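# Notes for the structure review
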Amino acid sequence: MRVVTTAQPLDVQPTPLALLLLGREADPRSERGVECPGDLPAPSDPDLVERARAAKAKLGDKVFVLGHHYQRDEVIEFADVTGDSFKLARDAAARPDAEYIVFCGVHFMAESADILTGDDQQVVLPDLAAGCSMADMASAEQVAECWDVLTEAGIAEQVVPVSYMNSSADIKAFTGEHGGTICTSSNAKRALDWAFAQGDPATSKVLFLPDQHLGRNTAVRDMGMSLADCVVYNPHKPNGGLTTEQLRNARMILWRGHCSVHGRFSLESVEDVRARIPGVNVLVHPECKHEVVAAADYVGSTEYIIKALEAAPAGSKWAIGTELNLVRRLANRFADQDKEIVFLDKTVCFCSTMNRIDLPHLVWTLESLAAGKTVNRIEVDPRTAALAKLALERMLALP
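Here the structure is a predicted model, which means the values were calculated and not measured.

Right, let's talk about the nonpolar core for a bit. Counting 111 residues, the largest nonpolar core has F208, M252, V284, I341 and L344 as the members making the most contacts within it. Not counting residues up to four positions away in its chain, the partners in contact with F208 are V162, C183, L192, L214, G215, M252, I253, L254 and W255. Membership of the second largest hydrophobic core comes to 21 residues, among which are L207, L209, L247 and W255.

Moving on, we come to the sheet that holds strand 7 (residues 181–183). The sheet built from five strands is open, its strands ordered 7-6-8-10-9 with parallel pairing. Here the strands that pair on one side only, and so sit at the sheet edges, are strand 7 and strand 9 (230–233). Shown here is a sheet whose adjacent strand axes are inclined to one another by a mean of 25 degrees, direction ignored. Across five bridges, strand 6 (residues 159–164) lies against strand 8 (residues 205–209) in parallel orientation. For V162, the partnering residue across the bridge sits in strand 8 and is F208. The sheet contacts of helix 7 (residues 169–177) involve strand 6, strand 7 and strand 8, and relative to strand 6 the element is tilted by about 150 degrees.

A separate point is the pairing of strand 8. In summary, the side chains of a regular strand alternate between the two faces of the sheet. Summarising burial for strand 8: five of the five residues are buried, a large majority. By the alternation rule, side chains of strand 8 split into K205, L207 and L209 and V206 and F208, which are all buried. With three bridges joining them, strand 8 and strand 10 (residues 252–255) adopt parallel strand pairing. In the sheet register, V206 faces strand 10, and the bridge partner there is M252.

Calculation notes
- Residues numbered from 1 in each chain as written.
- Predicted model: local features only at pLDDT ≥ 70, side-chain atom pairs only at ≥ 80, totals over all residues.
- Heavy atoms only, no water.
- Core = buried A, V, L, I, M, F, W, Y, C linked by side-chain atoms within 4.5 Å.
- Buried < 20%, exposed > 50% of the residue type's maximum accessible area, 1.4 Å probe, protein only.
- Contact = heavy atoms within 4.5 Å.
- Pairing = 2+ DSSP bridges.
- Helix = DSSP H or I, 4+ residues; strand = E, 2+ residues; numbered from the N terminus.
- Axes fitted to C-alpha atoms, helices over the stretch in contact; angles between N-to-C directions.

Written out as structure tokens, the structure reads:
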């Protein structure tokens, strides 16, 4: 994968709070340290909104702005469409006349958009530092080494890789090359059903990348497997920290990756909110840990969460286990319908990398494009793109 950028220095100074860094402090309740100091400050320049409007108007139909559900409100305001990562990539592909696709999300999402859009379209990420800690937990080298381990164990021919959409183009390409498919949090069960049907159901196995929780929750909660059917492959240990016997006996080989935001939620969080808010409905994303999903009332993707709250009766109470920007936006949206919507965890925590896409970065991007300068272009090399697209097409063909 190749990143092309002609970025110029920003004419604003981002504050430490606006650019939260993973791992700055340790949180014993989180699977990965994340500093969560509270609410983010508003942009300091009051002219930014008008500048964004002016630049977007100047570009007209040449630009198509995508906004992921977890983006800040100040960014969502300028999005032509909103959605989860795959929906947005498809929306971009459906706009072949747009010269510029500005993806307000994170790096792997922009890669997927580049894979699915035309060669004459340019995909731009307003801040190249907007990555994804989960996607970064599985590198191409690590996955290739894992496949060697599976080969040495004599089971590689029985294994079908299934990779979550939240993965790099390199991992999607590996998946395509090895006969696997991509999945989203909405269709993970269909993807796993397909994968197990590719061989002998009695011996078929799945290597699920890179989110162990979505893989485990889908296998156990939705497909009736047991926790004993799942093993976790740790790329930082010899042979993944597993014996040959464990690999041969497993049905689900789960990569040791997770979402740093969804990994924060705990069983204690669920029990606490039930004690504080009698009659509350607990609705969580399937990237949460298994014990959290098991204790919740409802489980589903971001799109599922939105639709569930849209259909919820007035006066109902909800505790939501997903990224805070979306939860806060939904709470404001349904406040006049007397729907009480709260964040599942007491500690305020945004997705730090999603929040790198702020209004200053978006304004800089739009003004640069309006001036004829392409900045922060994301390009996936042709071979990687072709293999990754093969895996994505298998997903689109799922029954």
